[in-house]
Amino acid sequence: DSKRLTLIDVCQAHESFITSILYIPEESYVITGGAESRIAVRKIEGRSFGKHIKYIDSKGFISYMCYIDDEHLFASVGGDTNIRLYNLNTLETESLIATSHKGYVPRGGLVYAKDKKLLIAGYEDGMLDFYNLKKRQLVFGIIAENQAYWGLLYNAQNLKIYAHVKPGTIKVWNFEGERPM
């Protein structure tokens, strides 16, 4: 019911539209990715967005971000298709995971499978890629019959990956018989 909602703050974080938003509870950060190829970090103070902390430049627009809590990192993937890892202590780029998806936009999302130590990314070219976080490299990929990924979710309770691949269709995979890391 909209009558129960009260607008408490408005923040102008980017010059163009915001493409991704992430909350880091331990730091009270709201991190946003924008179409103008940068990430904005703001510190929540009380009930407001508080102060701007830093802008981080990126290569291309930011499509998705995810929080890697046990490593104190966050990751982004965007227009150049590479995955960037950022250190939450320094708010600097820590490392880059190069991908082979040149020209294909990451449309399906970026999620962290904490129990498996994997980053999972879905791409417009129909690939679902699994990256070893420790080694910072691709472990394996699967293709969705040349269908772009449009949404991605990992459920650690039942070890399943859910992906929206075309209108009205969700594919589900599990980690039974998984490949060795």
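Residues numbered from 1 in each chain as written. Predicted model: local features only at pLDDT ≥ 70, side-chain atom pairs only at ≥ 80, totals over all residues. Heavy atoms only, no water.

**Q** What should I look at first to understand the overall build of the protein chain in this one?
**A** Secondary structure assignment for the protein chain yields zero helices and 15 strands. The C-alpha atoms of the protein chain give 17 Å as radius of gyration, which agrees with the globular expectation for 181 residues (16 Å, within 12%). Seen along its three principal axes, the alpha-carbon backbone of the protein chain occupies a region of about 45 × 40 × 30 Å. Relative to its full complement of 181 residues, the protein chain shows a buried share of 44%. Summed over all atoms, the accessible surface of the protein chain reaches about 9,700 Å², with 51% contributed by carbon and sulfur. Measuring between centres, the 22 positive side-chain charges of the protein chain sit 1 Å from its 21 negative side-chain charges. (Helix = DSSP H or I, 4+ residues; strand = E, 2+ residues; numbered from the N terminus. Rg over C-alpha atoms; globule rule 2.2 N^0.38 Å. Buried < 20%, exposed > 50% of the residue type's maximum accessible area, 1.4 Å probe, protein only. Areas by Shrake-Rupley, 256 points an atom, 1.4 Å probe, with all protein chains shown as cover. Lys, Arg positive; Asp, Glu negative; His and termini not counted. Charge placed at Lys NZ, Arg CZ, Asp CG, Glu CD.)

**Q** Just to check I follow, could you spell out the sheet that holds strand β5 (residues 62–68) for this structure?
**A** Two pairing modes exist for strands in a sheet, parallel and antiparallel, and in both the strands are linked by backbone hydrogen bonds. With antiparallel pairing, four strands are arranged side by side in an open sheet as β5-β6-β7-β8. Among the strands making up the open sheet, the edge pair consists of β5 and β8 (92–97). Taking the axes of each pair of neighbouring strands and ignoring which way they run, one obtains an average angle of 25° across the sheet. With five bridges connecting them, strand β6 (residues 73–78) and strand β7 (residues 83–87) associate as antiparallel partners. Bridging from a neighbouring strand, F74 pairs with Y86 of β7. (Pairing = 2+ DSSP bridges. Axes fitted to C-alpha atoms, helices over the stretch in contact; angles between N-to-C directions.)

**Q** Please clarify how the packing of aromatic side chains should be interpreted in this entry.
**A** Geometry of an aromatic ring pair is reported as the spacing of the ring centres plus the angle between the planes. Taken as a whole and assessed by the stated rule, the structure comprises two aromatic pairs. Between the aromatic rings of F74 and Y86, the centroid separation amounts to 4.7 Å while the plane-to-plane angle is 20°, which identifies the pairing as stacked. Remark: Y86 occurs in strand β7 and F74 occurs in strand β6; sequence separation between them is twelve residues. As far as the burial class goes, F74 and Y86 line up, both buried. With centroids separated by 4.4 Å and ring planes inclined at 15°, the aromatic side chains of F130 and F140 adopt a geometry described as stacked. You can see F130 sitting in strand β11 (residues 127–132) and its partner F140 sitting in strand β12 (residues 137–143), a full ten residues away along the chain. Exposure remark for F130: the relative accessible area of 3% places this residue in the buried category. (Phe/Tyr/Trp six-rings, centres within 6.5 Å; stacked < 30°, edge-to-face > 60°.)

**Q** Explain the nonpolar core to me, please; I cannot follow it from the model alone.
**A** In globular proteins that are soluble, nonpolar side chains generally tend to be buried together. Core analysis: the biggest nonpolar cluster contains 15 residues, and I68, A75, I83, L85, L110 and L119 have the highest contact counts within it. Among the elements of the structure, β5, β6, β7, β9 (109–113) and β10 (118–122) are those that each provide at least two residues to this core. (Core = buried A, V, L, I, M, F, W, Y, C linked by side-chain atoms within 4.5 Å.)

**Q** Help me understand the sheet that holds strand β15 (residues 169–174) in this model?
**A** Across the sheet, which stays open at both edges, the three strands sit in the order β13-β14-β15 with antiparallel pairing between neighbours. In the strand order of this sheet, the two ends are held by β13 (151–155) and β15, each with one partner. Between one strand axis and the next, the sheet turns through 20° on average, direction left out of account. Looking at chain direction, β13 and strand β14 (residues 160–166) are connected through five bridges and run antiparallel. Across the sheet, Y154 pairs through a bridge with I161, a residue of β14.

**Q** Please clarify how the environment of I142 should be interpreted in this entry.
**A** Looking at where I142 falls in the secondary structure, it is placed in strand β12. I142 gets classed as partly exposed once you look at its relative accessible area, which sits at 22%. Those residues in contact with I142 that lie beyond four places of it in its chain are G126, M127, L128, F130, Y149 and W173. (Contact = heavy atoms within 4.5 Å.)

**Q** I would appreciate a short explanation of the pattern of salt bridges in the present structure.
**A** A side chain of one charge can pair with a side chain of the opposite charge if their charged atoms are brought near each other. Going through the model one piece at a time under the given rule, you end up with five salt bridges. The residue E36 makes a salt bridge to R38 at a minimum N-O spacing of 3.2 Å. For D69, the salt bridge identified is with K114, shortest N-O distance 3.1 Å. Of this pair, D69 sits in the loop between β5 and β6 while K114 sits in the loop between β9 and β10, and the two are 45 residues apart along the sequence. (Salt bridge = Lys/Arg side-chain N within 4 Å of Asp/Glu carboxyl O.)

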